[in-house]
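These are the residues of each chain, in order.
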Protein chains: 2
Amino acid sequence: MSAVPAYFDRIRIVLSRTSHPANIGAAARAMKTMGLRRLVLVSPNLMATPQTPEPPVFRPERAGEFVLPEESFALASGAADVLERAQVVADVAEAVADTVLACALTSRRRELSAPLHTPRRLTPELLAAAQAGQEVALVFGNETFGLSIDEVRCCNRLLTINGNPDYFSLNLAQAVQVVCYELFSQTDADLRRLQPDAAPATAEQVAGMVAHLEETLHEMDFFRRRNAERMMRRLHVLFQRAQPESEDIDLLRGIFRTVQQRTGTDK
Amino acid sequence: MSAVPAYFDRIRIVLSRTSHPANIGAAARAMKTMGLRRLVLVSPNLMATPQTPEPPVFRPERAGEFVLPEESFALASGAADVLERAQVVADVAEAVADTVLACALTSRRRELSAPLHTPRRLTPELLAAAQAGQEVALVFGNETFGLSIDEVRCCNRLLTINGNPDYFSLNLAQAVQVVCYELFSQTDADLRRLQPDAAPATAEQVAGMVAHLEETLHEMDFFRRRNAERMMRRLHVLFQRAQPESEDIDLLRGIFRTVQQRTGTDK
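As the structure is a prediction and not an experimental result, all values here were calculated from the model.

In terms of helices and strands, chain A carries ten helices and seven strands. Computed over the C-alpha atoms, the radius of gyration of chain A is 29 Å, more than 25% above the 18 Å expected from 2.2 N^0.38 for a compact globule of 267 residues. With respect to the principal axes defined by its C-alpha atoms, chain A has extents near 95 × 40 × 40 Å. Relative to its full complement of 267 residues, chain A shows a buried share of 53%. Excluding contacts between residues fewer than 6 apart, the proportion of contacts in chain A whose partners are at least 24 apart in sequence is 81%. Just so you have it, chain A exposes about 12600 Å², and 48% of that area is on carbon and sulfur atoms. One finds the centroid of the 30 positive side-chain charges in chain A at a distance of 7 Å from the centroid of its 33 negative side-chain charges.

Set out below in structure tokens:
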């Protein structure tokens, strides 16, 4: 049973010109929760916040020296390693240079010449590429302004998250969460179903239990003017749908036996 | 691109014993973003926060008078109408009583006898039910403790969001977001092939039938040295799995009544 597939290491999340330090931390957490670990920050444009009154200023010529503020690490909460390993670069072109698929997250309202895809529909192509050894990027823009036209043009896929056309309020970390959830959900890892250890009853056991029930109902004189055959058929279908375990059969037949004893002396 | 289908009004999000006022607001926003508008709060258990130093106390006998604090509305940000229309009740049983499908969100680590579903796999059934006019609920528990065993038992489906087994950090509002995203994302699909049962029993009807069974067994003095609680729990799960129709409930209760009559004179 696979957990996070190894090829997930070829999928990177790119955040361009992010404003709020907390969003970077929250995005890291959202990523790691779905098994993604590669974060690339493009020209972080951090604003002053109560917890980060003097945010670090990004300098393109010293991109590699950029250090995220404590607030980002606080929100990352256990995904600090994603932040520590994050690459910091000056522009989106550099962030996606070695990728074969770079998807720009955009809202629907833009006028763009390329077709929009949804995460549901685009993900198979993304996963297939990663599985084939190719690098893939999902690119998110600034919280308020999104990606610039130039940034979008560095990408070869347009991605939008559909929702309520009358009200759509998804913040950056939530958008990252939804996209990462979609990616993970289409891996084999998500397709496991946890079946409990059970000893399911056989068809014969179920039929035997239903026959015992019928016998008990007859002894109680339950059917009288009712349609016994129709009722028993319904009960059989009901108990089949219940997918009883052996233990359920024993329990039910114990009940029937007790009823038979209790009602036996009425005759 | 689909808009929001009318049948989405039959899908409710239930938040039980939520601690943080902000999470309720964030959940409302997450819902509305994906076209869902029905929020039910069960016994809100609000903690004091910097913005809400004196949170309102929920009183079961005055459930309808409960008023959310300003902090919830601040986070709802445009989804205030969802909060205003939210129903407030005392327990999960009440919140799901008239539903045909009630899905308990749970983490994988629980020991439970019912199979776990993923949102991807369960959603078609949920949407088909709603389309057929049936009420559906998704039930989320407290941020720290999740749902209690008793709360889970009020539900007839178990739902888990899969992710990185080594690190999984999804807060309440994000879990709501992901589930609502999944629901909306499948609305393009052709759901006609999933025909739900004609008149499925509600959670309340099933619980009532099981209670009737328990009463009948007690009158028969069935339990004696047996573990009544464990047995009734097993029977409840069995009957939930059976997805009974209203007609099944009537039939079973007719059987119980007859048993009660037949065994009544033994005392």
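Okay, the sheet that holds strand S3 (residues 87-89) of chain B next. Strand-to-strand pairing in sheets goes through backbone hydrogen bonds, with the strands running parallel or antiparallel. All names here are of chain B. Ordered in space as S3-S2-S1-S6-S4-S7-S5, the seven strands form an open sheet in which the pairing is parallel. Only two strands of the sheet have a single neighbouring strand rather than two, namely S3 and strand S5 (116-117). Where strand S4 (residues 101-105) meets strand S6 (residues 136-140), four bridges bridge the pair, whose relative direction is parallel. Residue pairing for S6: Cys103 is matched across the bridge by Leu138. Where helix H5 (residues 119-131) meets the sheet, it contacts strand S1 (11-16), S4, S5, S6 and strand S7 (157-159), and its direction lies at approximately 155° from that of S4. Its contacts with the sheet place helix H7 (residues 172-185) against S1, S4 and S6, and it is angled at close to 155° to S6.

Residues and elements named next belong to chain A. The sheet built from seven strands is open, its strands ordered S3-S2-S1-S6-S4-S7-S5 with parallel pairing. On the outer flanks of this sheet lie strand S3 (87-89) and strand S5 (116-117), each paired with one strand and no other. Contacting strand S1 (11-16) and strand S2 (38-42), helix H1 (residues 21-33) runs over the sheet at an angle of about 155° to S2.

The next thing to look at is the domain arrangement of chain A. As far as domains go, chain A holds domain 1 (6-193) and domain 2 (203-263). Once you take the C-alpha centre of each, domain 1 of chain A and domain 2 of chain A turn out to be 58 Å apart.

What follows is about the interface of chain B and chain A. Contacts between chain B and chain A engage 70 residues on the former and 69 residues on the latter. Buried surface at the junction of chain B and chain A, summed over both partners, amounts to about 6200 Å²; 57% is from carbon and sulfur atoms. The interface formed by chain B and chain A holds twelve salt bridges in total. Arg241(A) serves as the salt-bridge partner of Asp248(B), at 3.3 Å between the closest nitrogen and oxygen. At the boundary of chain B and chain A, one finds 40 residue pairs in polar contact (both at pLDDT 80 or more). For the side of chain B that touches chain A, the secondary-structure elements that each account for two or more residues are helix H1 (21-33), S5, H5, H7, helix H9 (228-241) and helix H10 (246-264) of chain B. Tallied by class, residues from the side of chain B that touches chain A come to 32 nonpolar, 21 polar and 17 charged.

The first and last C-alpha atoms of H9(B) sit 20 Å apart over 14 residues, in line with the 20 Å expected at 1.5 Å per residue. In terms of residue burial, H9(B) counts as a mostly covered element, since eleven of its 14 residues are buried. Every buried residue of H9(B) is listed here: Ala228(B), Met231(B), Met232(B), Arg234(B), Leu235(B), His236(B), Val237(B), Leu238(B), Phe239(B), Gln240(B) and Arg241(B). Elements that come into contact with the buried residues of H9(B) comprise helix H9 (228-241) and helix H10 (246-264) of chain A together with helix H6 (149-153), helix H8 (203-219) and H10 of chain B.

Our focus in this paragraph is the confidence of the model for chain A. Residue and element names in this part refer to chain A. Residues of chain A with pLDDT of at least 70 account for 92%, and the chain-wide mean is 90. Overall, residues 192-197 carries pLDDT values under 50, and its contacts beyond four positions in sequence, including any with other chains, amount to 15 contacts. For this predicted complex, the interface confidence reaches an ipTM of 0.75, while the overall pTM sits at 0.82.

With that settled, the discussion passes to the environment of Arg225(B). Of note, Arg225(B) is situated in the loop between H8 and H9. A C-alpha to C-alpha distance of 20 Å links Arg225(B) and His212(B), two positions 13 residues apart in sequence.

According to the stated counting rule, one finds zero disulfides over all chains in the structure shown. Free cysteine Cys154(A): the closest other cysteine sulfur is in Cys155(A), separated by 6.2 Å. There is no disulfide at Cys103(B), and the cysteine sulfur nearest it, in Cys155(B), is 7.5 Å away. You can call Cys103(B) buried: its relative accessible area is 0%.

Another aspect to go through is the pairing of S6(B). Residue and element names in this part refer to chain B. Counting buried residues along S6, five of its five residues qualify, which places the element largely inside the surrounding structure. Alternating positions in S6 separate into two faces, Val136, Leu138 and Phe140 on one and Ala137 and Val139 on the other, with burial throughout. Sheet topology note: the S1/S6 ladder contains five bridges and is parallel. Counted as the bridge partner of Ile11 is Val136 from S6.

Further remarks concern the pattern of salt bridges. Counted by the stated rule, this structure contains 36 salt bridges over all chains. A salt bridge links Arg85(A) to Asp81(A); the shortest N-O distance between them is 3.9 Å. Salt bridges sharing common partners tie together Arg230(A), Arg234(A), Arg241(A), Glu245(B), Glu247(B) and Asp248(B).

Following the sequence through the fold, Ser169(A) ends up in the loop between strand S7 (157-159) and helix H7 (172-185). A polar contact is formed between the side chain of Ser169(A) and the side chain of Arg29(B), at a distance of 3.2 Å. In contact with Ser169(A), not counting residues within four places along its chain, are Gln174(A), Arg29(B) and Thr33(B).

Each value, and the rule that gives it
Residues numbered from 1 in each chain as written. Chains lettered and ligands numbered in written order. Predicted model: local features only at pLDDT ≥ 70, side-chain atom pairs only at ≥ 80, totals over all residues. Heavy atoms only, no water. Helix = DSSP H or I, 4+ residues; strand = E, 2+ residues; numbered from the N terminus. Rg over C-alpha atoms; globule rule 2.2 N^0.38 Å. Buried < 20%, exposed > 50% of the residue type's maximum accessible area, 1.4 Å probe, protein only. Contact = heavy atoms within 4.5 Å. Areas by Shrake-Rupley, 256 points an atom, 1.4 Å probe, with all protein chains shown as cover. Lys, Arg positive; Asp, Glu negative; His and termini not counted. Charge placed at Lys NZ, Arg CZ, Asp CG, Glu CD. Pairing = 2+ DSSP bridges. Axes fitted to C-alpha atoms, helices over the stretch in contact; angles between N-to-C directions. Domains from an automatic or database assignment. Buried area = accessible area lost by both parts, 1.4 Å probe. Salt bridge = Lys/Arg side-chain N within 4 Å of Asp/Glu carboxyl O. Polar contact = N/O pair within 3.5 Å; in protein donor to acceptor, adjacent residues only side chain to side chain. Nonpolar A, V, L, I, M, F, W, Y, C, P; charged D, E, K, R; others polar. Expected span 1.5 Å × (residues − 1). pLDDT = per-residue confidence, 0-100. Disulfide = S-S within 2.5 Å.

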